[in-house]
Amino acid sequence: MTFSKVKQERLSDVIVRQLEGLILEGVLRPGERLPPERELAAQLEVSRPSVREALQRLETAGLVETRHGGGTFVRNAFAEALTDPLADLFQRHPEAAVDFVEFRYTLDGIVAYYAALRGTDADREILTQRFHAIEAVHGKDDFIEEADRDADFHIAIAEASHNIVLLHVVRSLLELLRKDIIFNRNVLYSRKDARDLLMDQHRKIYEFIMNRDAEGARAAAQAHMRHVEQALRDDRLSEARSGVSRRRLARWIASEAVDGDPSAAE
């Protein structure tokens, strides 16, 4: 019988693997500041040189970044790779926003399904806090804060799905919404009774997940995105009609000017 040689791991390897796992699981979130080197070494019960080496390797891998005088922060490398080209695409081709919402119709449905199926008591506690945060800002007439709390709520659902890929995809795509790149928040919030309707849609998603009704949660999430898609299509159609009307008016004004000026016909 042949045995493989047992190799002793370096402490920095263990630290890297632990921090990578926390980043992958979403426990350490993009933009979150890591504890100072001394504090991190004390928590892990290792030497500061081992922590320093591990952080350097993580920075080389693009998972964290060190800001001069500000500490070390978790990078959202996946989001940067995904959203930077998408942001440019959406800015040059606004019509692609409808495709984005169509994609979220499927994505949000499956995320809500797994959140209801797999969510733990801790997940439901977080989701409850996020839902109450939406309730707290409802009616304040603050589109930005309401949209931010909306995004936080959907990220909590993705966390409860316990699917790492879904979590990072959802978190990345919602960053586009936070930046208001895809469409103006007014598209949804300025419609008659829209805010009450959106609040009711979020409540249904929340209640189905809390009751562990996976199919109900999926249907509620998809109904929510179907509403968003229709609002977006209506807005795009309204813009297109306005554009046609303006062009017709401009042409009519030009023709009237020609008809009223004899010299224009010479």
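The present account deals with the structure reproduced in this document. Just so it is clear, the model here is predicted, and its values are computed rather than measured.

Some remarks on the pairing of strand β2 (residues 71-74)
In step 1: Across four bridges, the pairing between strand β1 (residues 64-67) and β2 is antiparallel. Residue Glu 65 lies in a different strand from β2, and its bridge partner there is Phe 73.
In step 2: The turn joining β1 and β2, which pair antiparallel and follow one another in sequence, is formed by three residues; a positive phi near 75° is taken by Gly 69.

A few points about empty space enclosed by the protein
In step 1: Tallying each qualifying case throughout the model produces three cavities of 30 Å³ or more.
In step 2: Here the second largest cavity defines a volume of roughly 100 Å³.
In step 3: Listed by contribution, the elements that provide at least two residues to the lining of the second largest cavity are α5 (96-118), α7 (143-160) and α8 (164-178).
In step 4: No other element matches the five residues that α5 contributes to the lining of the second largest cavity.
In step 5: Looking at side-chain class alone, the lining of the second largest cavity contains nine nonpolar, one polar and two charged residues.

Concerning the packing of aromatic side chains
In step 1: Evaluation of the coordinates by the stated rule reveals three aromatic pairs.
In step 2: Their ring planes at 50° and their centres at 6.2 Å tell us that Phe 131 and Phe 153 sit as a pair that is tilted. Of this pair, Phe 131 sits in helix α6 (residues 121-137) while Phe 153 sits in helix α7, and the two are 22 residues apart along the sequence. Take Phe 131 and Phe 153: they sit in the same class, and that class is buried.
In step 3: Relative to Tyr 206, the ring of Phe 131 lies with its centre 4.5 Å away and its plane at 5°, an arrangement referred to as stacked.

Some thoughts on the packing of helix α1 (residues 11-25) against helix α3 (residues 48-60)
In step 1: For the pair α1 and α3, the least separation of the axes is 8 Å and the interaxial angle reads 50°. With respect to α3, the axis of α1 lies oblique. Taken as a pair, α1 and α3 cross one another with a handedness that is right-handed. Counted together, Leu 11, Ser 12, Asp 13, Ile 15, Val 16, Leu 19 and Glu 20 of α1 and Ser 50, Val 51, Glu 53, Ala 54, Leu 55, Arg 57 and Leu 58 of α3 form the full contact between these two elements.
In step 2: Classifying every residue of the contact of α1 with α3 by side-chain character gives eight nonpolar, two polar and four charged.

With respect to the pattern of salt bridges
In step 1: In this structure the tally under the stated criterion is 14 salt bridges.
In step 2: One salt bridge in this structure joins Arg 52 and Glu 37, with 2.7 Å as the shortest N-O distance. With Arg 52 in helix α3 and Glu 37 in helix α2 (residues 37-44), this residue pair connects regions lying 15 residues apart in the sequence.
In step 3: A salt bridge links Arg 104 to Asp 108, with the shortest nitrogen-to-oxygen separation between them at 2.6 Å. Here Arg 104 pairs with Asp 108, and both are found in helix α5, just four residues apart, close to one helical turn. Accessibility assignment for this pair places Arg 104 and Asp 108 in one class, buried.

Rules behind the numbers
- Residues numbered from 1 in each chain as written.
- Predicted model: local features only at pLDDT ≥ 70, side-chain atom pairs only at ≥ 80, totals over all residues.
- Heavy atoms only, no water.
- Pairing = 2+ DSSP bridges.
- Helix = DSSP H or I, 4+ residues; strand = E, 2+ residues; numbered from the N terminus.
- 1 Å grid on protein atoms, 1.4 Å probe; cavity = no way out; pocket = protein on both sides within 12 Å on 5 of 7 lines; lining within 4 Å.
- Points joined across faces, edges and corners; volume = space filled by probe spheres on them.
- Nonpolar A, V, L, I, M, F, W, Y, C, P; charged D, E, K, R; others polar.
- Phe/Tyr/Trp six-rings, centres within 6.5 Å; stacked < 30°, edge-to-face > 60°.
- Buried < 20%, exposed > 50% of the residue type's maximum accessible area, 1.4 Å probe, protein only.
- Axes fitted to C-alpha atoms, helices over the stretch in contact; angles between N-to-C directions.
- Parallel < 35°, antiparallel > 145°, perpendicular 65-115°, else oblique.
- Left-handed = near helix turned anticlockwise from the far one by under 90°.
- Contact = heavy atoms within 4.5 Å.
- Salt bridge = Lys/Arg side-chain N within 4 Å of Asp/Glu carboxyl O.

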